[in-house]
Amino acid sequence: MERFLRYITMLTAATTVLVMAEGYTQADRIADMQKMAQAMQDIQSGFFYNNVDIVKAGTKVLKNTIVNVRPIDSEVNNKDIYEKWLNNDLKMTHKIQKKIKKKATVLEERFADGDAIQALQEYSRIAQQCMKCHVRLRKW
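These remarks concern the structure in this document. All values reported here derive from a predicted model rather than from experimental measurement. (Residues numbered from 1 in each chain as written. Predicted model: local features only at pLDDT ≥ 70, side-chain atom pairs only at ≥ 80, totals over all residues. Heavy atoms only, no water.)

1. Regarding the pattern of salt bridges
For step 1, the next point in the chain: A full pass over the atoms with the stated rule returns 2 salt bridges.
For step 2, the next point in the chain: In this structure, Lys-63 engages Glu-108 in a salt bridge whose closest nitrogen and oxygen atoms are separated by 3.8 Å. On the criterion of sequence distance, the pair formed by Lys-63 in helix 3 (residues 52–66) and Glu-108 in helix 6 (residues 90–112) is long-range, its members being 45 residues apart.
For step 3, the next point in the chain: As a salt-bridge pair, Arg-125 and Glu-122 come within 2.7 Å of each other at their nearest N and O atoms. Taken together, the residues Arg-125 and Glu-122, both in helix 7 (residues 116–136) and 3 residues apart, mark about one turn of the helix.
For step 4, the next point in the chain: Relative accessible area serves as the criterion here: at 32%, Arg-125 is assigned to the partly exposed category.
For step 5, the next point in the chain: By relative accessible area, which is 8% here, Glu-122 ends up buried. (Salt bridge = Lys/Arg side-chain N within 4 Å of Asp/Glu carboxyl O. Helix = DSSP H or I, 4+ residues; strand = E, 2+ residues; numbered from the N terminus. Buried < 20%, exposed > 50% of the residue type's maximum accessible area, 1.4 Å probe, protein only.)

2. Things to note about the environment of Arg-70
For step 1, the next point in the chain: Within the secondary structure layout, Arg-70 lies in the loop between helix 3 and helix 4 (73–76).
For step 2, the next point in the chain: According to the relative accessible area criterion, Arg-70 is partly exposed, its value standing at 29%.
For step 3, the next point in the chain: When the C-alpha positions of Arg-70 and Gln-97 are compared, they lie 9.8 Å apart, and in sequence the two are 27 residues distant.
For step 4, the next point in the chain: In this view, Arg-70 contacts Gly-23, Tyr-24 and Arg-29; residues no more than four positions away in its chain are not counted. (Contact = heavy atoms within 4.5 Å.)

3. Structural notes on the packing of helix 6 against helix 7
For step 1, the next point in the chain: The geometry of helix 6 relative to helix 7 is characterised by a closest axis approach of 8 Å and an angle of 165° between their N-to-C directions. Relative to helix 7, the element helix 6 lies roughly antiparallel. Viewed along their axes, helix 6 and helix 7 form a crossing whose handedness is left-handed. From helix 6, Met-92, Ile-96, Lys-99, Ile-100, Lys-103, Ala-104, Val-106, Leu-107, Arg-110 and Phe-111 reach across to helix 7, where they touch Ala-116, Gln-118, Ala-119, Glu-122, Tyr-123, Arg-125, Ile-126, Gln-129, Cys-130, Lys-132, Cys-133 and Arg-136.
For step 2, the next point in the chain: Across the contact of helix 6 with helix 7, the residue classes break down as 13 nonpolar, 2 polar and 7 charged. (Axes fitted to C-alpha atoms, helices over the stretch in contact; angles between N-to-C directions. Parallel < 35°, antiparallel > 145°, perpendicular 65-115°, else oblique. Left-handed = near helix turned anticlockwise from the far one by under 90°. Nonpolar A, V, L, I, M, F, W, Y, C, P; charged D, E, K, R; others polar.)

4. Examining the nonpolar core
For step 1, the next point in the chain: Ile-43, Phe-47, Leu-62, Leu-107 and Ile-126 are the most contacted members of the largest nonpolar core, which has 21 residues in total.
For step 2, the next point in the chain: Every element with two or more residues in this core is listed here: helix 2 (26–48), helix 3, helix 6 and helix 7.
For step 3, the next point in the chain: For this core, the element with the most residues is helix 6, which contributes 6 residues. (Core = buried A, V, L, I, M, F, W, Y, C linked by side-chain atoms within 4.5 Å.)

5. Topic: the packing of aromatic side chains
For step 1, the next point in the chain: This model, assessed by the stated rule, comprises 2 aromatic pairs.
For step 2, the next point in the chain: With centroids separated by 5.2 Å and ring planes inclined at 45°, the aromatic side chains of Phe-47 and Phe-111 adopt a geometry described as tilted. Here Phe-111 lies in helix 6 and Phe-47 lies in helix 2, a separation of 64 residues in the sequence. For the pair formed by Phe-47 and Phe-111, the shared burial category is buried.
For step 3, the next point in the chain: Ring centres 5.8 Å apart and planes at 70° place the aromatic pair Phe-47 and Tyr-123 in the edge-to-face group. Remark: Tyr-123 occurs in helix 7 and Phe-47 occurs in helix 2; sequence separation between them is 76 residues.
For step 4, the next point in the chain: Given the relative accessible area of 13%, Tyr-123 is considered buried.
For step 5, the next point in the chain: Among the aromatic residues, those joined into a ring-pair cluster are Phe-47, Phe-111 and Tyr-123. (Phe/Tyr/Trp six-rings, centres within 6.5 Å; stacked < 30°, edge-to-face > 60°.)

Here is the structure:
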């Protein structure tokens, strides 16, 4: 059993290294941003059509995609310490990701409970978190 656990641990570590070796590119980031923008549009459509299933599908895509967003390889591998610090603010990125996931869950719950006003307020708070990242990290 101990050999089996060691084997599983080594296999997990090797898989992690391979996934991280592929890196995260600008194209990956753009694709993820497009998915999240579409998810936000889907949530909004769900509001307009009073359709909880559309809202749930949008929040699901949003929560599953936000966790992928991270600094791209060129930002991580930058040798200039100051530029690397500016581009690689992982703590803030993780904080925003966590807030968006939580707010998406609350949005979904509120809308399902029939409280469209509170759901819309959560939607607005999600959009604020998105813009916070774009303004501070992406220099928009």
